[in-house]
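Next come the chains, spelled out residue by residue.
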Amino acid sequence: MKTNTGTFGVDTQMGNSLVSNLLKYPEISATLIEQYPRYALTYLLEKTGRHANVKVMGDKSFEWKVLGRQSQALAIAADYTGSDAAAAGNVATRTLPLTNNFLALHDVVVDSLGFVGQVTGVAGTVVANRPTATAVTDGGTGYTYTIKMQDGCAAMAAGSYFGKIGSAFGEGSLGSAVSEYTAYPDTHKNWLTINRSKLSISGGALTDVTWLENNGSKLWYFTAEKLFTDEFMYQLELQRWFGRASVTDAATADGFPGESGTVAAGNLMGDGILAQIEDTITSSYDPHAGLTEDQLARFIAELSRNAKSPEGNEWVVFTGTEGRYQFHKAMKDISVGATAATGGTMQSMKTGSDVSLGVNFVSYYVLGNKMTVAYCPVFDDANVHGAAANYDGSAQSADALPGTMSGKMVFLDFSSVDGVPNIQLVAKGHDGFNRNYIKKYIPGMINPYDQKSMLAANGDDSFTCQIMSESAVIVRNPLSCGILEAVNV
């Protein structure tokens, strides 16, 4: 796409204006986004069909299901005071309060040391061979089980874990003794956010226009409008990263009540990327000590456990300048270690010629997976995040590094499952009408297309350009995404 400036004249007609063509051909907005590649998330979501696309929907909220692991953690209640110690070589029968009732009679478990046991009894009211929550003699409240362990098992204290590995029955067992249990997926919900902005353009700004040329077609819009559009797209990028839902359910407003104070007329806002993945996998590194390749490999290994498969995945890692530097340093360190070289290449050693040295590290392959670093400028915005503090919030010293956000590395799983992108932009609309990106003019005493028109929408000595977007970002499987924080330790 080519961009050049010009002046308003005989070539700037309504038929070849950007705004009128956006109304007739909404798909132009996906091409227009090429002007804003620095807004990394918006660019990837709207332009690259390989990873994600826009899904038009009719409702203002949307739900999706995520099925995690089929099993559940079986921990002994934190307020349990017993020990249930058994002498080595003895079979131990233990009465323990667990944090959930995932187990049933005849289920087989394994402890952290590899010893196997079987559930031989449940306490309290029993439903489908599973207990209800009760108090325990040795302290603690939970779902009480009697578990018979193998020889040599150790003492089980509060917080210890079991894992279910199956069940065991004798020959001729009754069907009534078999428990029934199904693991259901978690329900995630998000809301569409309406972003709006406007600009009044006076008669003096009518003379300056900007032309966009793409695939042989040329469209124009006012230069003042271009600057205004730049700001709107930047704010949209920020909200898609840092937005946080203003409602918790269909009947509750939280901080954004709207003019009438009701949800129906309220100012809805949905979760951005960070809010959707903040409770998943997180880790940290010390930016002063430097990020290491081993830390990256361990983090990718952790993420791969929750991905669609343990290998063959690709994570796009969004980060600021500090994060890019840390990644470069980690890659250079392993490059130097592997080749005993400088991590770069030299070209043309002839006297008087230029010498090029260095390598741009973009991707990293490990454990059959790939991570690609994408620069995210909004992470570097000191006006949004502040730059007067260290990573731990203390005052900066002379050798302080940039603010926390610049070093944050957000790992997003851009894979697709059954043809559905894991990360997708959703927008309000139906039957070819898409509210992902709408731009219109409102003429006042100045009409951008017809200065001789006797009709005006208002008496202002200007016309107004308004942009709006009703959209949201969906992370279908947040469990396969994660955040690597830069924190002073």
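Residues numbered from 1 in each chain as written. Predicted model: local features only at pLDDT ≥ 70, side-chain atom pairs only at ≥ 80, totals over all residues. Heavy atoms only, no water.

Trainee: Please set out the overall build of the chain residue by residue, giving values where relevant.
Mentor: In terms of regular secondary structure, the chain is built from nine helices and 30 strands. Put simply, the chain has 489 residues, and 42% of those count as buried. Look at the contacts in the chain between residues 6 or more apart in sequence, and 76% of them connect residues 24 or more apart. (Helix = DSSP H or I, 4+ residues; strand = E, 2+ residues; numbered from the N terminus. Buried < 20%, exposed > 50% of the residue type's maximum accessible area, 1.4 Å probe, protein only. Contact = heavy atoms within 4.5 Å.)

Trainee: Would you mind going over empty space enclosed by the protein in detail, with residue names and values included?
Mentor: Counted by the stated rule, this structure contains two cavities of 30 Å³ or more. Considering only enclosed or pocket space, the largest cavity measures out at about 100 Å³ in volume. (1 Å grid on protein atoms, 1.4 Å probe; cavity = no way out; pocket = protein on both sides within 12 Å on 5 of 7 lines; lining within 4 Å. Points joined across faces, edges and corners; volume = space filled by probe spheres on them.)

Trainee: Outline helix α6 (residues 293-304), listing residues and values.
Mentor: Residues lying three or four places apart along an α-helix face the same way, a consequence of the helix completing one turn every 3.6 residues. Over its 12 residues, α6 runs 16 Å from end to end, which matches the ideal 16 Å to within 8%, given 1.5 Å per residue. Within the sequence span of α6, burial applies to Leu296, Ala297, Phe299, Ile300, Leu303 and Ser304. On an axial view of α6, the arc spanned by its buried residues comes to 165°, and they lie on one face. (Expected span 1.5 Å × (residues − 1). Arc of directions from axis to C-beta.)

Trainee: Quick one: what's the story with helix α4 (residues 223-242), residue by residue and with numbers?
Mentor: In a regular helix each residue adds 1.5 Å, so 20 residues correspond to 28 Å; α4 covers 29 Å between its end C-alpha atoms and thus fits that length. Residues Glu225, Phe228, Thr229, Asp230, Phe232, Met233, Tyr234, Leu236, Glu237, Leu238, Arg240 and Trp241 constitute the buried set of α4.

Trainee: Can you break down unusual backbone geometry residue by residue, with the values?
Mentor: Excluding glycine, residues mostly carry a negative phi; peptide bonds, for their part, are mostly trans. Positive phi, close to 80°, is recorded for histidine 106, a residue that is not glycine. Structurally, the position occupied by histidine 106 is in the loop between β5 (93-98) and β6 (107-111). The exposure class assigned to histidine 106 is partly exposed, which follows from its relative accessible area of 27%. For leucine 367, which is not glycine, the phi torsion reads 55° and is therefore positive. Of note, leucine 367 is situated in the loop between β21 (363-366) and β22 (369-375).

Trainee: Run through the sheet that holds strand β23 (residues 409-413), naming residues and quoting values.
Mentor: The strand order across the open sheet formed by six strands is β19-β30-β23-β20-β22-β21, and the pairing between neighbours is mixed. Taken across any chain shown, the strands that pair with only one partner, and hence form the sheet edges, are β19 (281-285) and β21. The sheet shows a mean angle of 20° between the axes of neighbouring strands, taken without regard to direction. Both β21 and β22 contribute to a ladder of four bridges, which runs antiparallel. Bridge pairing links tyrosine 365 to lysine 370 in β22. (Pairing = 2+ DSSP bridges. Axes fitted to C-alpha atoms, helices over the stretch in contact; angles between N-to-C directions.)

Trainee: Give a detailed account of the pattern of salt bridges, specifying residues and quantitative values.
Mentor: Scanning all chains against the criterion turns up nine salt bridges. For lysine 226, the salt bridge goes to aspartate 230, with nearest N and O atoms at 3.2 Å. Residue lysine 226 and its partner aspartate 230 are both found in helix α4; the two are separated by four residues, about one turn of the helix. Between arginine 435 and glutamate 470 there is a salt bridge, with the nearest N and O atoms lying 2.6 Å from each other. Here the residue arginine 435 occupies a position in the loop between β27 (433-434) and β28 (438-442), and glutamate 470 occupies one in strand β29 (residues 463-475), the gap between them amounting to 35 residues. Exposure remark for glutamate 470: the relative accessible area of 2% places this residue in the buried category. (Salt bridge = Lys/Arg side-chain N within 4 Å of Asp/Glu carboxyl O.)

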